[in-house]
Amino acid sequence: MGKTVFALLIFAFCCAGADPVLRFSTYLGGSGRETWAAVAVAADGSTWVALATGSPDLPVSADAAQKALAPGTCMGVEEGADFPRRCSDVYVAKLSPAGEILRASYLGGSGDEGLAGIQLDQAGNVWVAGSTLSADFPRAKVIGTPAAAFSGTFVVELSADLGSILQSTVVIGGSMAMAFSLDGAGGAYIAGRTGSPDLPAVNAIQPARTPGATWGDGFVAKLAPGGTLAYATYFGGNNDTSVTSLAVDASGSAVLAGFTEADDLPAGGARYGKRSGTADGFVAKIAPDGKSVAWLRYLGGSGYDQLLAMAMDAAGNVYAGGITPSADFPGDDYSGEQPGLPRGFVTKVSADGASVLSSRMFGYYVQAMAVDGGGAVWLTGTCCSGVLQASPSALQVARNGYETDAYLVELGDTGPPLWASYIGGTGTDTGTSVAAAPDGVVLAGVTYSFDFPLDNAAEGLLHQDPRVSAPVSVTLAGTPLEVTWAGLAPGFAGLYQVNALLPADFGSGIVYATLPLVVSAGGRGSNSGLVVFGR
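Caption draft 1: Here's a closer look at the nonpolar core. Core analysis: the biggest nonpolar cluster contains 22 residues, and V90, V92, I118, V126, V128, F154 and L158 have the highest contact counts within it. Elements with a contribution of two residues or more to this core: strand 3 (34-41), strand 4 (47-53), strand 7 (89-95), strand 9 (113-120), strand 10 (126-132), strand 12 (152-158) and strand 13 (165-172). Those residues in contact with I118, other than ones at most four positions away along the chain, are A38, V39, A40, W48, V49, A50, V92, V126, W127, V128 and F180.

Listed below in structure tokens is the structure:
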């Protein structure tokens, strides 16, 4: 068993030997918000982490390619209201096998960047890909012409010391990048979902958006060495489609996975199964030149099934995982959940797409997976909709608090898990990425727990949102009240409590009234609440 990392802030775990051993766990974050994390592991055991972040105060190398969060204000939505916030950049860091931050750099422009993934090439350089709304994305060669506002997918190669950008490309039209991979010949592949009509179709299976898709079609694009566009194509049908994961086999064929409400996805080669429910998962293999689909397989039951993660073994077999509410989802059920309630699933498909070799359901959502050198499959995501039976040697044998925890699970080819553990604090924790390491696996995710279990931490403090940690004020009917205490409510995960005193003479002459109450923090006031007041 191997190594795990975690990140929202990053917490990193490591497992080595017959039983997992915690090597290190750490937060990695700043005063803003980190919303996604991805990891890759080098042959020397060092861990590379990428975050989507709005924090301006993360540590960077003295010679970093980008030393600061790019200036920019974007709009966010919270509790139904728009509010200004810092735009997000990508942040990349190299951690030693013991969890020490060795190198780090920001990457982004003045608009929002989202993260799809991080990969290492054979020369030791690091590649990062995602979505961008920044017309000033650093050093980018832009392929395509925006039909309206600037929106696209970026692929960037950074030097191993994170001191320089070796190449930077933005492909217009890929508005939500969700998956990224490299091949052994210097090709880079990016995929996701887009509602944009301006994807520059090259050697395309599907050159234009389908009119039946409300939210959008899937897409996949390949960049050849040097950043030229080898192919780019929409991938969809008569309803919405998302490509959520991809891998590249030894022949240079991209294998896509995702979910769709369409029943007519492109399939010039063999087509296996059909859409059975409101939405089904799918796996499709694209020819190396991008011009045709070698095979396509639907996976699902009668409900809304979402395929969110995929990994490939050494033989080219595909493991596909996600979430299913379908009572009739095919496979062996280890979830401990009532039929018809959401469960996670893992389905193994043969390299030629012709056979389903195994299919299993579990009591936790499968949101990321990896296959290690020994053929074991590692899962992470959100736990639990049903039952996770933690192993006796688990890092954590029970869920911590009332919120969801992340988890780490090891699977064999068939049957129940070989090993399983909860991972988390009393807040909400989610695993977002897992990668094979020389001696196991590395796990990354997002945590809102102030008490996440740390060990040999590079950063031991989970930064609060500045609007929460800032001074708090309270007014009742426009009268300032004395705030005697403000903070996380003791014993309640994620609940913020404010205590305030009324002036002794408040409400003189009022017998009974309903008065407006406003709580403010960091310059932002709450919606007005109503308090019944009487003497």
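Caption draft 2: Structural detail: the confidence of the model for the protein. For the protein, per-residue confidence averages 86 on the pLDDT scale, and 87% of positions sit at 70 or higher. Least confident of the elements in the protein is strand 1 (residues 3-4), whose mean pLDDT is 32; most confident is strand 19 (residues 254-260), at 98. In the predicted structure, residues 460-469 sits below a pLDDT of 50 and forms 25 contacts with residues beyond four places in sequence or in another chain. Overall, residues 490-494 carries pLDDT values under 50, and its contacts beyond four positions in sequence, including any with other chains, amount to five contacts.

Caption draft 3: Quick peek at the pattern of salt bridges. Considering all chains together, one arrives at six salt bridges under this definition. For R275, the salt bridge identified is with D263, shortest N-O distance 3.7 Å. With R275 in the loop between strand 20 (270-272) and strand 21 (280-286) and D263 in the loop between strand 19 and strand 20, this pair connects stretches of sequence that are twelve residues apart. The class of D263 is partly exposed, set by a relative accessible area of 42%. Here D413 makes a salt bridge to K348, at a shortest N to O gap of 3.0 Å.

Caption draft 4: Representation of the pairing of strand 13. In terms of burial, strand 13 is largely enclosed, as seven of its eight residues are buried. Bridge analysis of strand 11 (residues 141-143) against strand 13 gives three bridges, and the strand direction is parallel. Within strand 13, the position partnered with V142 by the bridge is V170. The pairing of strand 12 with strand 13 spans seven bridges and is classified as antiparallel. Counted as the bridge partner of V155 is T169 from strand 13. In textbook terms, the turn of a hairpin is the stretch between consecutive antiparallel strands, and for strand 12 and strand 13 this stretch comprises six residues, one of which, L162, has a positive phi near 60°.

What counts and what doesn't
Residues numbered from 1 in each chain as written. Predicted model: local features only at pLDDT ≥ 70, side-chain atom pairs only at ≥ 80, totals over all residues. Heavy atoms only, no water. Core = buried A, V, L, I, M, F, W, Y, C linked by side-chain atoms within 4.5 Å. Buried < 20%, exposed > 50% of the residue type's maximum accessible area, 1.4 Å probe, protein only. Helix = DSSP H or I, 4+ residues; strand = E, 2+ residues; numbered from the N terminus. Contact = heavy atoms within 4.5 Å. pLDDT = per-residue confidence, 0-100. Salt bridge = Lys/Arg side-chain N within 4 Å of Asp/Glu carboxyl O. Pairing = 2+ DSSP bridges.

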